[in-house]
Amino acid sequence: MYLERYAPFRRAVAAIVGDEERAHDAVQEGFARALAKRRQFRGGSLEAWIWRIVVRQALDLRESPAPALEDGLNAELLVSDHDPELAAAIRRLPPRRRLIVFLRYFGDLSYEQIAELIGVSAGTVGAALSQAHDELRRELEL
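Residues numbered from 1 in each chain as written. Predicted model: local features only at pLDDT ≥ 70, side-chain atom pairs only at ≥ 80, totals over all residues. Heavy atoms only, no water.

A. Main features of helix α7 (residues 111-118). Taken residue by residue, α7 has Gln113, Ile114, Ala115, Leu117 and Ile118 as its buried positions. Looking at the buried residues of α7, the elements they touch are α3 (46-61), α6 (95-106) and α8 (122-141). (Buried < 20%, exposed > 50% of the residue type's maximum accessible area, 1.4 Å probe, protein only. Helix = DSSP H or I, 4+ residues; strand = E, 2+ residues; numbered from the N terminus. Contact = heavy atoms within 4.5 Å.)

B. The arrangement of the packing of α3 against α7 in detail. At a minimum axis separation of 9 Å, α3 and α7 run at an interaxial angle of 45 degrees. Between α3 and α7, the angle is such that the two are oblique. The hand of the α3/α7 crossing is right-handed. Residues Glu47, Ala48, Trp51 and Arg52 of α3 touch α7, and the partners they reach there are Gln113, Glu116 and Leu117. (Axes fitted to C-alpha atoms, helices over the stretch in contact; angles between N-to-C directions. Parallel < 35°, antiparallel > 145°, perpendicular 65-115°, else oblique. Left-handed = near helix turned anticlockwise from the far one by under 90°.)

C. Looking closely at helix α1 (residues 2-17). The end-to-end C-alpha separation of α1 is 19 Å, well short of the 22 Å expected for 16 residues at 1.5 Å each. Bending of α1 peaks at approximately 30 degrees at the position of Pro8. At the C-terminal side of α1, Gly18 shows a positive phi close to 85 degrees. (Expected span 1.5 Å × (residues − 1). Bend = angle between axes of the 7 residues up to and from the residue.)

D. Examining the side chain of Ser45 more closely. Its place among the elements puts Ser45 in the loop between α2 (20-36) and α3. A distance of 3.1 Å separates the side chain of Ser45 from the backbone nitrogen of Ala48, its partner in a polar contact. (Polar contact = N/O pair within 3.5 Å; in protein donor to acceptor, adjacent residues only side chain to side chain.)

E. Layout of the pattern of salt bridges. Taken as a whole and assessed by the stated rule, the structure comprises seven salt bridges. Between Glu116 and Arg52 there is a salt bridge, with the nearest N and O atoms lying 3.9 Å from each other. With Glu116 in helix α7 and Arg52 in helix α3, this residue pair connects regions lying 64 residues apart in the sequence. For Glu116, a relative accessible area of 31% gives the class partly exposed. Arg92 is paired through a salt bridge with Glu139; the nearest N and O atoms lie 2.5 Å apart. You can see Arg92 sitting in the loop between α5 (84-91) and α6 and its partner Glu139 sitting in helix α8, a full 47 residues away along the chain. (Salt bridge = Lys/Arg side-chain N within 4 Å of Asp/Glu carboxyl O.)

Rendered as structure tokens:
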């Protein structure tokens, strides 16, 4: 999984820690911790379980006191070089929707994995993404 999913993990974690190099370190350490704790995995999505470990590691590496994950995402690191208007629109989304967009499109997680990671149903994830799409469409059409 590390070899196949490293890039999405690093991209997503960079938005949490604010730096590509520290993101690399957080992803590596998170995967190492997951490997060390592999006997604690109790089923469900292995990737979502690893995401929880990697995200906790990333939040631990933040220089400033860690806000809630929903509030700690830096959308500029994700898309500013490609589309600064999109980055600004993502930053203006409500925190929960911003987190779900982040995990779906920058972390490349499925609805089910996102649901397991943040403790909601897959239907809630779908509804939040639909609402986020509507909000982003409205903002970017102006």
